[in-house]
Amino acid sequence: MKPKQIFLFALILLSGFNGLSQSAPRTGRDNSFTVPFRSPLVVGNPKTISTFESISLELPFIGDANQDAYCDVKFRKKGDTNWRDGLRLFNDYVTDEKGFRGSIVLLQPNTEYDIRFIYTDIDGGSGEKTLSAVTWSENFPVGKTTKVLNRKTIKAESGLPGAYHVYDGGLNKAVIDANNADYCIDLSGASYVIIRNLKLTGSDKHAVNIKNAHHIVVEDCEIFEWGRPGEYCQIDNRGRRDGAIYVQTSKQIVIQHNDIHDPRGNTCDWRTAHPNGPRGIYLNDTVDNSVFRYNSIRGSEKHYYDDLITGDTDGSGSDLDIYGNIISHAWDDGIEIEGKNKNIRVWNNVVRNVFQGLASDNNNHLYYGPVYIWRNIFTDLYTKPANQGDRSTGNGFKLENTAGLGGMYIFNNTLLGSGNHVKPRGGISNGPQYNLIALNNIFDIDKDSIHQNLVRTGSLFNYNGFAGSNKLFGKTKHETNGVFNYSFKYDHAGGWNYYLTAGSKGIDAGISINNFADQFSGKAPDLGATEKGAWEMRVGPHSNRN
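Residues numbered from 1 in each chain as written. Predicted model: local features only at pLDDT ≥ 70, side-chain atom pairs only at ≥ 80, totals over all residues. Heavy atoms only, no water.

Participant: I would appreciate a short explanation of the side chain of Thr-201 in the present structure.
Facilitator: Considering the arrangement of structural elements, one finds Thr-201 in strand β16 (residues 198–201). The buried category is assigned to Thr-201, whose relative accessible area is 8%. Residues contacting Thr-201, with those up to four places away along its chain left out, are Val-175, Ile-176, Asp-177, Ala-178, Cys-184, Phe-224 and Glu-225. (Helix = DSSP H or I, 4+ residues; strand = E, 2+ residues; numbered from the N terminus. Buried < 20%, exposed > 50% of the residue type's maximum accessible area, 1.4 Å probe, protein only. Contact = heavy atoms within 4.5 Å.)

Participant: Can you help me understand the sheet that holds strand β9 (residues 127–134) in this one?
Facilitator: In a beta sheet, neighbouring strands pair by backbone hydrogen bonds and run either parallel or antiparallel. Here we have four strands laid out as an open sheet, ordered β5-β4-β8-β9, and antiparallel in their pairing. Each of the sheet's edge strands pairs with one partner strand only, and the pair in question is β5 (84–85) and β9. (Pairing = 2+ DSSP bridges.)

Participant: Help me understand unusual backbone geometry in this model?
Facilitator: Generally, phi is negative for residues other than glycine and the peptide bonds are trans, each holding for most cases. With an omega of -5 degrees, the peptide bond between Gly-369 and Pro-370 qualifies as cis. If you trace the backbone, Pro-370 turns up in the loop between β33 (356–361) and β34 (371–374). Unusually for a residue other than glycine, Asp-285 sits at a positive phi of about 55 degrees. For Asp-285, the location among the structural elements is in strand β24 (residues 279–288). With phi around 60 degrees, Asn-348 is a residue other than glycine that occupies positive phi space. Tracing the backbone through its elements, the reader meets Asn-348 in the loop between β31 (342–347) and β32 (350–354).

Participant: Before we go on, may I ask you to explain the pattern of salt bridges in this structure?
Facilitator: Once the charged atoms of two side chains with opposite charge are near each other, the side chains can pair. One pass over the full model with this rule turns up 25 salt bridges. Of the charged contacts in the structure, one is a salt bridge between Arg-271 and Asp-269, with a shortest N-O distance of 2.8 Å. Looking at Asp-269, the relative accessible area reads 7%, which means it is buried. In the salt-bridge network here, residues are joined through shared partners; they are Glu-58, Glu-97, Lys-340 and Lys-342. (Salt bridge = Lys/Arg side-chain N within 4 Å of Asp/Glu carboxyl O.)

Participant: Is there a simple way to think about the confidence of the model for the protein in this case?
Facilitator: When pLDDT drops low, the exact placement of atoms in the prediction is not to be read closely. On average, residues of the protein carry a pLDDT of 87, and 85% of them reach 70 or more. Counting contacts from residues 1–19, a segment whose pLDDT is below 50, to residues more than four positions away or on other chains yields 36 contacts. Here residues 21–36 is modelled with pLDDT under 50, and outside its nearest four sequence neighbours on either side it reaches 61 contacts, counting other chains as well. (pLDDT = per-residue confidence, 0-100.)

Participant: Explanation requested: the nonpolar core in the structure shown.
Facilitator: It is characteristic of soluble globular proteins that their nonpolar side chains tend to be buried jointly. Ranked by internal contacts, the top residues of the largest apolar core, which has 68 residues, are Leu-187, Leu-198 and Ile-210. Top contributing element to this core by residue count: strand β21 (residues 243–256), with five residues. By size, the runner-up hydrophobic cluster in this structure holds 45 residues, among which are Tyr-409, Phe-411, Tyr-463 and Leu-500. (Core = buried A, V, L, I, M, F, W, Y, C linked by side-chain atoms within 4.5 Å.)

Written out as structure tokens, the structure reads:
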């Protein structure tokens, strides 16, 4: 990196390090500052897209040829006096959707917020734009209700805006046994439908098929013994990617409070070939503006998944929230987010008994960014069954984005290896991944913490804790405030709340991050996913009922 590049990178970062309001400049793969002229910033109209607890922000612009502009965000509830600082928006100077993008998070449902975009360019064009946005209500308006009794399949009929059609199996949960039909419930082309209180089983492919649909809710269902039996992997094209809930080319899909377990099929482990079997929530061909929360997705030693929550072929599109889920038993990825990856938010999940905790391999996709991953626990990551010896060969994060597009933020996650939990082998692996910022994480792992390929242009690693060997390969600008070679101990308060014990080096060892880690109980945030008095893990179908 040239001296001018280093100076500008450091200036933009450090100018907002009080609360980390900044991110790296958005300049593409080579981060070159070779444009020989300057042009003032000209912004368009801001845009917002809401979910229950998040609002995506976009501010398109042209100009700024020397790529030194930035945009800060402030927000408040309508009627409040004080403004809160959001994380500085990500700068996309490269793609066909050029602009500032980002999210405000951890909001209240059905609440109106005022939002200020404050954009700055020393070459001219600085200014401010203000607008308001409302988060989704958790109470869906009901029109027609169909009381469901035990039956074979359902082909859902649409409701209307303001009048959802509810299919309700009652408190005892009516059983939909597909008896080897393709689907238990087919929602192809449907809209404004709620599927509630059903037991779904026996489908030959997907238990729930959601295709070319919008405004769909699947909640409080139990899904089990679906899909084709047998063990599957990529060898000889033996792939059977049957989803408990399959979503394709759809938007505004809510999947919440479901118990998904034990598909009929199984997935081979890595001794045979690449796993290629059943999936939990399976996203395909661009799924936008949707929420997957408070679900349990689990298998067993004889019923492993390929991936648990997964998006391929541009499956993870834009404006997605994945949170409050507890997921386990996959021979490949716990959570896989691949595709457009524009304003993707993943938090407060427990991922265990998988090979890779979270994967994002976007080499074949146009990756817009940003992606936010924070306050998750990843543990027991391995590639072999229990009776095959050493299992501790998985990684917390598998990331790769050779095009240098997009941006990713990884804050306050815990890679857990304490007590009876198998230590992950690696922290963040694979690469290269440009524009990656990782702060306040605990890498309680055996071996490599951060792979050398990941230390690329626009990336920053700092305020992280390492139990295993820390390998940043001479990049001395990173981890100047890290905690190294430390044996982390936890006060296990039940559930998945692994608080750091009193006196730990990880307590108050983090940095405040606007909107993501700016609420803490001491003088600074603790490292890791949980903090007494500030953040606890609430996961699974019975959490956070409205």
